[in-house]
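# Chain and residue survey
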Amino acid sequence: MSSSDTPAPDFDKNYLVDLGGWSAWREGKAIAESRAQHRAEWNAPILKGEILVGGKTYYPRLNLRSKSFPDARCNCQKGMRGLVCEHVIALCLVYQRRDEALDLDPPTEPESPPSANSVDESPRPPAKKSAKTKKSGLKTMLISQEHGDEIKLRVLLPPNLESAAPKDAIVLKIQAELDGEYLPLEHLNRKKPYRVASHDYLALALLEEWCQGAPSSIVQLNRERVSILLDNYVDHESICFLSDPETPLEWEDNEIPGVHEFLEDEPTPVYGAFGRRSSKRSTTEEEDDDEEKGVGSKYSAFGGAKRRVPAESTARENTRKRKRADVSTDAGQMEIDGSPNFLAIKLFGRSHANYATALDLLRDEGFRNEPSNGKWWLRDSHKVLNFLATYWDRLENEWGAKFSANFKKQMKSVKTAEIATEIVEVRNGFNVSLSLRAGKAAEFEVRQAISVGRQYVSSGKSIYLLNPKRIEALGKAQKALSGDVRSELVPSFTQAVNSAALADAERILSPISKDWQPPESWIERSGALKEINRLKPPPLDESLDQTLRSYQRIGVAWLLHLYTNELGGVLADEMGLGKTLQALSLMQCVHRSDDESGPSLVICPASVVENWIREAKRFVPELKSLAHHGSQRIKDPDELKCYDLIVTSYGTMSRDVNILGAVDFKLIVGDEAQHIKNKKTQNARSLRSLIGRGKFLLTGTPIENSLDDLRALFEFLMPGYLADRPTGLDPDSRNWYDQRHREQAAPYILRRSKKMVAPELPDKIEQIFYCHMEGAQAGLYEKILKDTQETIYSLEENGANGGAVRMAAFNQLLRLRQVCADPRILDPEMAAGASSKLQAFREILEEALEDGHRILVFSQFVSVLKLLRTELEDQGHSYCYLDGSTRNRQSLVDRFNENEDIPVFLISLKAGGTGLNLTGADTVIHYDPWWNPAIEQQATDRAHRIGQKRIVTSIKLIAADTVEENVVELQKTKAKMLEELLEASEAANSKVSLRDIKDILGM
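Everything quoted here is computed from the prediction, not taken from an experiment. (Residues numbered from 1 in each chain as written. Predicted model: local features only at pLDDT ≥ 70, side-chain atom pairs only at ≥ 80, totals over all residues. Heavy atoms only, no water.)

### Some details on the overall build of the protein chain
Put simply, the test is: What counts as a helix is a DSSP run of H or I of at least four residues, what counts as a strand is a run of E of at least two, and both are numbered from the N terminus. By definition, residues are in contact when any of their heavy atoms lie within 4.5 Å. Accessibility throughout is a Shrake-Rupley quantity obtained with a 1.4 Å probe, and a residue counts as covered only by protein chains that appear here.
Counting its secondary structure elements, the protein chain contains 36 helices and 39 strands. Taking the intrachain contacts of the protein chain between residues at least 6 apart in sequence as the baseline, contacts between residues at least 24 apart amount to 69%. Roughly 45,300 Å² of accessible area belongs to the protein chain as shown, and the carbon and sulfur atoms make up 46% of that amount.

### Digging into the sheet that holds strand β35 (residues 855-859)
To keep things clear, this is the line we draw: Should DSSP find at least two bridges between two strands, the strands are regarded as paired. To get an axis, fit a line to the C-alpha atoms, keeping to the stretch in contact for a helix; angles then go from 0 to 180 degrees between the N-to-C directions.
Spatial ordering of the open sheet is given by β34-β39-β38-β35-β37-β36, a layout of six strands whose pairing is parallel. Whereas interior strands pair on both sides, the edge strands pair on one side only; in this sheet they are β34 (764-771) and β36 (879-882). Taken pair by pair, the neighbouring strands of this sheet meet at an average axis angle of 15°, ignoring direction. Against the sheet, helix α32 (residues 933-940) contacts β34, β35, β38 (923-926) and β39 (952-959), and its axis sits at roughly 150° relative to β38.

### A look at the side chain of S954
With respect to the element layout, S954 can be found in strand β39. For S954, the contacting residues outside a window of four places in its chain are I765, E766, Q767, V924, H926 and T940.

### Focus: a negative patch on the surface
Test applied: Only residues whose relative accessible area exceeds 30% and that take part in no salt bridge are eligible for patches, with like-charged residues grouped when within 9 Å of each other and nonpolar side chains (Val, Leu, Ile, Met, Phe, Trp, Tyr) grouped when within 5 Å. The rule for a salt bridge is simple: a side-chain nitrogen of Lys or Arg has to be within 4 Å of a carboxyl oxygen of Asp or Glu. We score Asp and Glu as negative and Lys and Arg as positive, and we do not count His or the chain ends. Here the site of a charge means atom NZ of a Lys, CZ of an Arg, CG of an Asp or CD of a Glu. The buried label applies to any residue whose accessible area, calculated with a 1.4 Å probe on protein chains only, is under 20% of its type's maximum; exposed applies above 50%, and partly exposed to all values in between.
Judged by side-chain charge, E162, E237, E250, E252, D253, E255 and E261 come together as a negatively charged surface patch. Tracing the backbone through its elements, the reader meets E255 in the loop between β13 (239-241) and α7 (283-292). Of the residues examined, E255 reaches a relative accessible area of 33% and is grouped as partly exposed.

### Some details on unusual backbone geometry
Look at the link from A44 to P45: it is a cis peptide, with omega at 5°. One can find P45 in the loop between β1 (39-43) and β2 (46-53). Positive phi is not limited to glycine here, since D168 has a value of about 55°. Along the chain, D168 falls in the loop between α4 (161-164) and β9 (170-178).

### Digging into the confidence of the model for the protein chain
Detailed reading of the predicted coordinates is not advisable wherever pLDDT falls low. Heads up, the condition is: For every residue, the predictor states its confidence as a pLDDT score lying anywhere from 0 to 100.
For the protein chain, per-residue confidence averages 79 on the pLDDT scale, and residues scoring 70 or more make up 83% of the total. Low pLDDT, under 50, characterises residues 100-136; the stretch is placed with 81 contacts to residues that sit more than four places away or in other chains. Scored below 50 in pLDDT, residues 984-990 makes eleven contacts in the model with residues more than four places away or belonging to other chains.

### Focus on the packing of helix α14 (residues 502-509) against helix α25 (residues 731-745)
Convention followed: Angle categories: roughly parallel below 35 degrees, roughly antiparallel above 145, roughly perpendicular from 65 to 115, and oblique for all the rest. Polarity classes work like this: nonpolar for Ala, Val, Leu, Ile, Met, Phe, Trp, Tyr, Cys and Pro, charged for Asp, Glu, Lys and Arg, and polar for all others, with Gly in that last group.
Two elements in contact, α14 and α25, have axes separated by 8 Å at closest approach and are oriented at 115°. On the basis of the axis angle, α14 is roughly perpendicular to α25. Contacts from D504, R507 and I508 of α14 reach α25 at R740, E743 and Q744. Taken together, the residues of the contact of α14 with α25 break down into one nonpolar, one polar and four charged.

### Some details on the packing of aromatic side chains
We count it as follows: Aromatic rings from Phe, Tyr and Trp, with only the six-membered ring used for Trp, were paired whenever their centres fell within 6.5 Å, and each pair was classed as stacked if the ring planes differed by under 30 degrees, edge-to-face if by over 60, and tilted otherwise. By definition, being over a ring means that NZ of Lys or CZ of Arg is both within 6 Å of the ring centre and within 35 degrees of the ring normal.
Under the criterion given, the structure shown has 14 aromatic pairs. With 5.5 Å between their ring centres and 70° between their planes, W392 and F407 make a pair best called edge-to-face. Taken as a pair, W392 in helix α10 (residues 381-398) and F407 in helix α11 (residues 405-410) lie far apart in primary sequence, 15 residues in all. What makes W392 buried here is its relative accessible area of 17%. By relative accessible area, which is 1% here, F407 ends up buried. Ring centres 5.6 Å apart and planes at 85° place the aromatic pair Y721 and Y748 in the edge-to-face group. Of this pair, Y721 sits in the loop between α24 (707-717) and α25 while Y748 sits in the loop between α25 and β33 (749-750), and the two are 27 residues apart along the sequence. Given the relative accessible area of 0%, Y748 is considered buried. The rings of F367, F387 and Y391 are connected pair by pair, giving a single aromatic cluster. Over the ring of Y770 we find R614, and its NZ or CZ is 4.4 Å from the ring centre. Just above the ring of Y563 sits the side chain of R693; from NZ or CZ to the centre is 4.5 Å.

### So, helix α33 (residues 963-970)
Here α33 lies mainly inside the structure; six of its eight residues are buried. The set of residues buried in α33 consists of V963, E964, E965, V967, V968 and L970.

### Looking at α24
Think of an α-helix as 3.6 residues a turn; residues three or four steps apart then line up on the same face. Among the eleven residues in α24, eight count as buried, and that is most of the element. Taken together, the buried positions of α24 are L707, L710, R711, A712, L713, F714, F716 and L717. Residues of α24 that are buried in the fold lie against β27 (569-571), β31 (664-670), α23 (682-689), β32 (691-698), α25 and β33.

### Describing the sheet that holds β32
What holds strands together in a sheet is hydrogen bonding between their backbones, with the strands either parallel or antiparallel. Spatially, seven strands are ordered β29-β30-β28-β31-β32-β27-β33 in an open sheet, and the strand pairing comes out parallel. Only two strands of the sheet have a single neighbouring strand rather than two, namely β29 (625-627) and β33. Pairing analysis gives six bridges linking β31 to β32, with the strands arranged parallel. By the bridge assignment for β32, I668 is matched with K695. Here helix α18 (residues 579-593) sits on the sheet in contact with β27, β28 (600-604), β30 (645-649), β31 and β32, set at roughly 170° to β31. In the packing of helix α19 (residues 609-619) onto the sheet, the strands contacted are β28, β29, β30 and β32, and the crossing angle to β30 comes to about 165°.

Now the structure itself:
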């Protein structure tokens, strides 16, 4: 089969959202739905094509050699940085629909819709999510997919459309239908969220763009813009004539008879963010336009047809020209004449959206109106140059001002000072120099001008304008790079930037320097931290690689990238997403590819040491692992070096810090990072003293809430990376340091929620959490087990009948199961801390509640539930409780489902395993195993059932190396036997063999 015959992947919505995110999906969907002539061609493993947006052609390309790590390219700004842009998503959708109807329903994810000017939008740090609504991509309205009243737009055309169209002066009236009443757009509450359909959203985005602010109810547009606006409403009953607003106009072949014929023959088209090219223009006219814009020619991959492709050097200029054309409305254009000594400005008409703002600006800046010519004059060289330094960009790019030929001639000697960046690679990083270049003006001249508020300097025969926004941006960049809020602005500045600070420095520098282009070695180290699709696939064993989900594989690649570049990081995925598995996969990669000897070290709470060992044996059995804990502690550091993976607890680490500190570890992984959030504790000090090439932390709890916690974690990960705050700071300065530390830490924290990776997850995640008993609990268990064995042997020797043996075994087995659950059931004097399961429950509870989860806890022992009830009360948590004696079952269920302030429901397995609907919870904990997995399943299904909108996590707590673990194993093969043995009513008469009993008891 040829490569072209190899079928492309199925570009379903989940895959595309995972590929580019919700914003790119929505924008790509809107582009794919447009009437433009897009093209898509598959030649395995590459999908490429042409996408038309707003009269501009984009050439997206997607290399799918690896579906988990696709390589995307496009000639837009995002695409040239290797990001998956909306044009790549549109390409996939266009290719997908060649044979089938495309599912382009608006996504249900409560993400923000795309903005009308998002074609060249750069990626931003993730914003904090509100619990109820999020601000939409619109600047002047709040749009939510889930909350708010629904509004529908109605577009009313003027009765004089035929005569108004040739003059390009078509006045439209836009109304919003709310609760059956039509309102002007100005009457909508701008602070209140609304729900709109996708076609109405795109219309609002266009109107906001054309009005340069809040969309107006009365708007005057030219034919091209009216046509673009109507294109959003094909086959929708939203277009009427003002003279008959209750009669929607009918569509025929994507046009409205009696309307569209008056919108044709546009001689000079302009393009909105979602516009289309007029079909009436000839190819020659298009090529002539391209020649004027500096467009180079290139042969297309589709049939060799010659097409015009914007050169990268002119892409930004073409965007500015389009924006200037878009703000030119029928209310007239601002006209500017003058020289370095005077300015004469003619404002646009009063109906222009920006008229009032512009008028206030001119008055504030000292302009005087001259009634004889209607122009506003400023006659003072100093004021003129200061005004142009501050507002030239706004006049040209926001308000679309027209500059006269005289102005252009007189202003040839007036230029704008630019921020220049120079990067020199040195041994431990890079030296970055920032300078404000104003020709050959000396640095002291620039400094003096800034200090006295003069926004220009002279250099030879030229005058250089000092834009205040650029000056402010330069000052902020210098403070951020130096890490000192008290540093003063200097025209020339040099700062050393180490490898850890590259991603943060790039975030600071790229927006302010137009010539920003870091060297390849810089990009290689920092690129994957801000553009995760640049990560290289991790070199995993094939069986482990197939076990991982896509987001887990990306997590491993991210961790490996940090390790390779001698950096550290925090894997902060939500509970249940497999942080342990990702960390073990990293260890496999490191031990497979790193020639240097040395073990990896995991430090975790004592309650999860056994779980790490079990997971390591399951997923990376080739790594020789050791639990350095309890009786298995090793005293000789050289002996530790014989292992590949050592797992220990925080307490053991602190006691054995001298032994562990004598070993050079490849990796040091701190699990449940909240255990070192206080840097003054013994745990934190001991952990910081250990030696390791790569240092990582795992946590499922949000760490952004406390900056002191964050700083404590990074003192272990990358000492010195987050600078200490000086003492004696004022509140604003303290806030500055806090914000800088958040920004610096962000590239080194990877957090995915279940909601983010939902397409990759099953509806239910099931986990077994192994707990290792120690101390008094382990001693009590061993004593009862020994008594049990002796009892059975004694009965056998004395010739007791089978029923007596089974009854004795059952009684002893019950006691062993109770010890596993909580030894205080048999010995009330024993401390709560003796229970390994209670310690594990505390860890799980803390993480779950921090993430906002609600929990059902099942146990077959009412005595266990009562102990847990006391535990929750001691911690101050609200809860519901249900056992066999409860009478008001349904009222408790309703209370839990309706009150989100109650995080935990304690339930007896027998009393609440069936007949309850508890979809208010999304986490289920089985505190002890039941003989029949179907009963446990029924209990889990109290949360995992119709009405549940979240992914349910089911966690089973098992005491390792006990009868509980044996029960879990025998569930698979001898469920009937377990039923007879563990049900008290059947125990005496059951036909369970003595061999089966000994299997459970581990005899």
